[in-house]
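Descriptive analysis of the structure
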Amino acid sequence: MTEIATSPAPVAVPDATPAPVGWGDPFPLGLASFGISALVLASVMSGLIDAAATPAVLSLALALGFLTEIVAGIIHFARGETFAGLVFTAYAGFWLSYALLVQFYGPMVTEDGAAITGMFLLAWAIFSTYMLIAALRTNLTTIVIFTLLCVVFYAAAIGAFTSSTGLGQLAGDVLIADALVALYASAAIIVNTTWERTVLPVP
């Protein structure tokens with residue numbers, strides 16, 4: 001039989017100081033933002049969808065790739081997580097600059113258009129390379145994401161410099177794989193969190 005306590009239950013005294021609000025984990029948001037934007041972009045780069053659909057890519061680049069990634073990055077910085085904060089805020093800058101380049105500034109370039117596009121992509125390839133070096137101290141999934149991303153940027157940069165459509169399509173194919181890995185990682189984090197156990201392993 002359950003024993004019933006005879007003493008009155010303690011009454012909690014309200015605290016005038018508001019409880020601190022903790023940040024949730026923004027990593028699945030950042031990964032989903034990158035993965036969705038990259039998957040749609042890659043479908044055009046690889047030739048699966050005609051390049052005339054590029055405006056749809058730009059809408060995602062601005063609303064999801066830029067806006068929500070920068071939100072995720074800022075929250076990471078607020079939590080003291082410099083690596084993830086840099087990842088998402090920097091690549092948010094990529095999506096914004098990509099949209100501006102394609103929609104506004106690229107068409108203004110009358111000379112050396114291929115060269116400046118190649119330099120744009122090469123600069124991001126270099127950034128992705130040293131982020132990959134930093135990622136080597138994280139986990140296998142993050143390492144794979146950055147390895148594939150480096151291949152994407154270097155292939156796209158060389159393709160731009162040499163006007164090689166084949167390399168551009170290769171970059172698109174690799175980006176599809178990269179986007180799927182990022183989306184899997186996002187799904188794993190949020191599913192494992194809500195189920196409070198490992199449903200989808202993240203190596």
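Each remark here, short or long, concerns the structure printed above.
All of the points below concern the structure found in this document. The shown structure was predicted, so the numbers you read here are calculated from the model rather than taken from an experiment.

**A look at unusual backbone geometry**
Here Ser-163, not a glycine, exhibits a phi torsion of approximately 55 degrees, which is positive. Structurally, Ser-163 is set in the loop between helix H5 (140–162) and helix H6 (165–195). When its relative accessible area of 58% is taken as the criterion, Ser-163 is described as exposed. Notably, Glu-196 is not glycine yet its phi reads approximately 55 degrees, a positive angle. Tracing the sequence through the fold places Glu-196 in the segment after H6.

**Here's the deal with the nonpolar core**
Ranked by size, the top nonpolar core spans 45 residues in total, and within it Tyr-91, Phe-94, Trp-95, Tyr-98, Phe-153 and Leu-175 carry the most contacts. The set of elements that each furnish at least two residues to this core consists of helix H1 (27–45), helix H2 (54–78), helix H3 (82–105), helix H4 (113–135), H5 and H6. Setting aside chain neighbours within four positions, we find Tyr-91 in contact with Glu-69, Leu-86, Trp-124, Phe-127, Ser-128, Phe-146, Leu-149 and Phe-153.

**Remarks on the pattern of salt bridges**
What the rule picks out here adds up to one salt bridge. In this structure, Glu-81 engages Arg-79 in a salt bridge whose closest nitrogen and oxygen atoms are separated by 3.0 Å. Its relative accessible area of 27% is what places Glu-81 among the partly exposed residues. Taking relative accessible area as the criterion, Arg-79 reaches 32% and is therefore assigned partly exposed.

**A word on H4**
Its 23 residues give H4 an end-to-end C-alpha distance of 33 Å, which sits within 8% of 33 Å, the value for a rise of 1.5 Å per residue. When we look at burial in H4, the residues that qualify are Gly-118, Phe-120, Leu-121, Trp-124, Ala-125, Phe-127, Ser-128, Met-131, Leu-132 and Ala-135. Residues of H4 that are buried in the fold lie against H3 and H5.

**Quick notes on the layout of surface pockets**
Reported here for the largest pocket is a volume of approximately 890 Å³. The wall of the largest pocket is formed by 33 residues, among which Met-45, Tyr-98, Thr-117, Leu-121 and Ala-156 lie closest to the centre. If you list the elements that add at least two residues to the lining of the largest pocket, you get H1, H2, H3, H4, H5 and H6.

Cut-offs used in this document
Residues numbered from 1 in each chain as written. Predicted model: local features only at pLDDT ≥ 70, side-chain atom pairs only at ≥ 80, totals over all residues. Heavy atoms only, no water. Helix = DSSP H or I, 4+ residues; strand = E, 2+ residues; numbered from the N terminus. Buried < 20%, exposed > 50% of the residue type's maximum accessible area, 1.4 Å probe, protein only. Core = buried A, V, L, I, M, F, W, Y, C linked by side-chain atoms within 4.5 Å. Contact = heavy atoms within 4.5 Å. Salt bridge = Lys/Arg side-chain N within 4 Å of Asp/Glu carboxyl O. Expected span 1.5 Å × (residues − 1). 1 Å grid on protein atoms, 1.4 Å probe; cavity = no way out; pocket = protein on both sides within 12 Å on 5 of 7 lines; lining within 4 Å. Points joined across faces, edges and corners; volume = space filled by probe spheres on them.

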